[in-house]
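For reference, the chains in residue letters:
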Amino acid sequence: MPTRRSALLLLTTTALLVLVVAGCDALVDRPALTIEFGSAYTVRFGENVTETGGAVRSTPYTDILGTLHVAVEFSGGCASHFFQVDYVLSETTATIWLVHSANGDPCEAILTQEVSVRLPRAVLEKDDLILVSPSGRDEPITRYDNADGGP
């Protein structure tokens, strides 16, 4: 019965593939994430921002006080929007994302804004900071202590 044999071969191949893929997650220094981003927004990686002292930085980055700066784009214009930081820590990495609250804003204008959020000490103590965007893109965050002009 070739159909039964084919089905068994397909089932065995699928099971092996699942085991191989599941094993790959153990090699990454970041835990599997279930991320809630809140209301829709887009991270604008590489947006240039001029700081108070005149230095130009590319987002995302942290400043001397440990504040994360991220350029975002979202629709709105009729209500106040808020962003808060959420994160998960592994041994050497802090994986960070923003949670957006649009407060039920029905307006559809496209707004670009720099979000500045103070990072907790536990996050700043990690070797690597990674920002995850709602699109699934993740990028390292330039740290003040690693940026040109930092101490």
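Here the structure is shown first, and the text comes after it.
Note on numbering: residues in each chain are counted from 1, in written sequence order. Selection of residues for local features in this predicted model requires a pLDDT of at least 70, selection of side-chain atom pairs for listing and counting requires 80 or more, and totals for whole chains, interfaces and linings are taken over all residues. Each side-chain value is worked out from all heavy atoms of the structure, with water and hydrogens disregarded.

Asks: When you look at the overall build of the protein in this model, what are you seeing that I'm missing?
Replies: Per the convention used, a helix needs a DSSP run of H or I reaching at least four residues, while a strand needs a run of E reaching at least two, with both numbered from the N terminus. Regarding its fold elements, the protein presents two helices and 10 strands. Helices and strands in the protein line up, N terminus first, as α-β-β-β-β-β-β-β-β-α-β-β. Using a 1.4 Å probe on the protein chains alone, a residue whose accessible area is under 20% of its type maximum counts as buried, one over 50% counts as exposed, and one in between counts as partly exposed. Relative to its 151 residues, the protein shows a buried fraction of 32%. Taking contacts inside the protein between residues at least 6 apart in sequence as the whole, the part at least 24 apart equals 65%. Should any heavy atoms of two residues lie within 4.5 Å, those residues are counted as being in contact.

Asks: How should the nonpolar core be read in this particular structure?
Replies: Within soluble globular proteins, side chains that are nonpolar tend to cluster in buried spots. Residues belong to one nonpolar core when they are buried, are Ala, Val, Leu, Ile, Met, Phe, Trp, Tyr or Cys, and are joined through side-chain atoms within 4.5 Å. Among the nonpolar cores identified, the biggest contains 23 residues, and Tyr-41, Val-72, Ile-96 and Leu-98 are the most heavily contacted of them. Secondary-structure elements contributing two or more residues to this core are strand 5 (67-76), strand 6 (82-89), strand 7 (93-101), strand 8 (109-118) and strand 9 (128-132). Per element, the largest residue contribution to this core is five residues, and it comes from strand 7. Ignoring anything within four residues of it in the chain, the contact list for Leu-98 reads Phe-37, Tyr-41, Val-70, Val-72, Phe-83, Gln-84, Val-85, Val-115 and Val-117.

Asks: Help me out: how do you make sense of the pattern of salt bridges in this one?
Replies: Opposite charge on two side chains allows them to pair when their charged atoms are near. What makes a salt bridge here is a side-chain nitrogen of Lys or Arg within 4 Å of a carboxyl oxygen of Asp or Glu, nothing more. Scanning the model with the defined rule gives three salt bridges in all. Its salt-bridge partner being Glu-139, residue Arg-137 comes within 3.0 Å of it at the nearest N-O pair. With relative accessibility at 43%, the residue Arg-137 sits in the partly exposed group. When salt bridges with common partners are traced through the structure, they connect Arg-44, Glu-47 and Glu-73 into a single cluster.

Asks: Help me understand the packing of aromatic side chains, please; the structure alone is not making it clear to me.
Replies: Two numbers describe a pair of aromatic rings. These are the distance of the centres and the angle of the planes. For Phe, Tyr and Trp, where Trp contributes only its six-membered ring, two rings pair if their centres lie within 6.5 Å, and the inter-plane angle classes them as stacked under 30 degrees, edge-to-face over 60, or tilted in between. Applying the stated criterion to the full structure yields three aromatic pairs. Centre to centre, the rings of Phe-37 and Tyr-41 are 6.3 Å apart; their planes meet at 70°, and the pair counts as edge-to-face. Taken individually, Phe-37 and Tyr-41 each receive the classification buried, so the pair is uniform in this respect. Ring geometry for Tyr-41 against Phe-83: centres 5.4 Å apart, planes inclined by 90°, an arrangement best described as edge-to-face. Of this pair, Tyr-41 sits in the loop between helix 1 (2-24) and strand 1 (42-43) while Phe-83 sits in strand 6; the two residues are 42 residues apart in sequence, bridging distant segments of the chain. Judged by relative accessible area, which is 14%, Phe-83 ranks as buried. Among the aromatic residues, ring-to-ring pairing joins Phe-37, Tyr-41, Phe-74 and Phe-83 into one connected group.

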